[in-house]
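# Structural description and commentary
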Amino acid sequence: MNSINLIVSLLIFLFILVFLYLFQLSKNSNSLEAELKNFDNNSSVNINEILNPVFKSKGLESNSYTIKADKGFQDEPYIRLYNLKAEFEDNDNGLFYVSADEGLYNQQNQTIKLSGNVIILDEFKNKIYTKKALIEMIEKKINLLEEVISISKESSISSNSSVLDETNNTVTYSGNVKVKIENE
């Protein structure tokens, strides 16, 4: 009789443990589902995918520009662009062309942060390569931020960073600057 009571007590105890385990598992599952639902509601509401976006400015107060990309994701006020190509006009109506793997464009501030294989080419075939850049259309500045290489017909300049300031007509190289001038 004692052994039967012991077995029945163990079975009841085991049943209670299984019940508590399943209850806790259900509670964790409901909590996880609620957390995933909350994440989906908060993270994707304001993000829109844009295929082949094009942004243009005809510039009454600033120079005109066109920015194109293969695709973009808009998350106010920024638009993340991929495989972008852009065309900017300078003060003398000259054009320069920009390409980059990625860009973060802010229409309100008229700025674009570029990263990955950034190349800037002007109409005189001068080329600038860098890893990161910031173009400020209103301020008329290009900040070249990482591993800058400028190549023209007669020279090449490498530096850690550089600022092209169209308003003041200056180019400033910073960091470890190396200049190579070719004589013909």
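Description of the structure in this document.

### A closer look at the overall build of the protein chain
When its secondary structure is counted, the protein chain shows one helix and 13 strands. Overall, the protein chain shows an N-to-C arrangement of helices and strands of α-β-β-β-β-β-β-β-β-β-β-β-β-β. Every one of the 184 residues in the protein chain was classed for burial, and the buried ones make up 26%. Considering only contacts in the protein chain between residues 6 or more positions apart, those separated by 24 or more positions represent 29%. For the protein chain, the computed accessible surface area is about 13,000 Å², with 54% contributed by carbon and sulfur atoms.

### Focus: the nonpolar core
In terms of nonpolar packing, the biggest core is built from 25 residues, with I67, L81, F88, Y105 and L114 touching the most fellow members. Elements supplying a minimum of two residues to this core: β3 (65–75), β4 (78–89), β5 (95–106), β6 (111–122), β7 (127–136) and β8 (141–144). Top element by residues in this core is β4. It accounts for five residues. With sequence-adjacent residues up to four places away left out, L114 is seen in contact with L84, V98, A100, E102, G103, K131, K132, A133 and I135.

### As for the environment of D101
Its location among the elements puts D101 in strand β5. Distance from D101 to L84, taken between C-alpha atoms, is 6.4 Å for residues 17 residues apart in sequence. Residue contacts for D101: discarding those within four places in its chain leaves L81, Y82, N83, L84, S115, G116 and N117.

### Brief notes about the pattern of salt bridges
Within this structure, the stated rule accounts for four salt bridges. Here E102 and R80 are joined by a salt bridge, their closest N and O atoms 3.7 Å apart. Of the two residues, E102 sits in strand β5 while R80 sits in strand β4, which places them 22 residues apart along the sequence. The exposure class assigned to E102 is partly exposed, which follows from its relative accessible area of 28%. Judged by relative accessible area, which is 33%, R80 ranks as partly exposed. Between K132 and E146 there is a salt bridge; the shortest N-O distance is 3.8 Å. Within this pair, whereas K132 is found in strand β7, its partner E146 is found in the loop between β8 and β9 (148–151), the two being separated by 14 residues in sequence.

### Quick look at the environment of I50
With respect to the element layout, I50 can be found in strand β1 (residues 47–51). Take I50: its relative accessible area is 22%, and that puts it in the partly exposed class. Separated by 19 residues in sequence, I50 and A69 place their C-alpha atoms 9.4 Å apart. Setting aside anything within four residues of it in sequence, one finds I50 in contact with K71, G72, Q74 and I79.

### Some words on a nonpolar patch on the surface
Taken together, the side chains of I4, V8, I12, F15 and I16 make up a nonpolar region of the molecular surface, amounting to roughly 490 Å² of accessible area. For V8, the position within the fold is in helix α1 (residues 2–43). Looking at V8, the relative accessible area reads 41%, which means it is partly exposed.

Conventions adopted
- Residues numbered from 1 in each chain as written.
- Predicted model: local features only at pLDDT ≥ 70, side-chain atom pairs only at ≥ 80, totals over all residues.
- Heavy atoms only, no water.
- Helix = DSSP H or I, 4+ residues; strand = E, 2+ residues; numbered from the N terminus.
- Buried < 20%, exposed > 50% of the residue type's maximum accessible area, 1.4 Å probe, protein only.
- Contact = heavy atoms within 4.5 Å.
- Areas by Shrake-Rupley, 256 points an atom, 1.4 Å probe, with all protein chains shown as cover.
- Core = buried A, V, L, I, M, F, W, Y, C linked by side-chain atoms within 4.5 Å.
- Salt bridge = Lys/Arg side-chain N within 4 Å of Asp/Glu carboxyl O.
- Patch = residues over 30% accessible without salt bridge, like charges linked within 9 Å, V, L, I, M, F, W, Y side chains within 5 Å.

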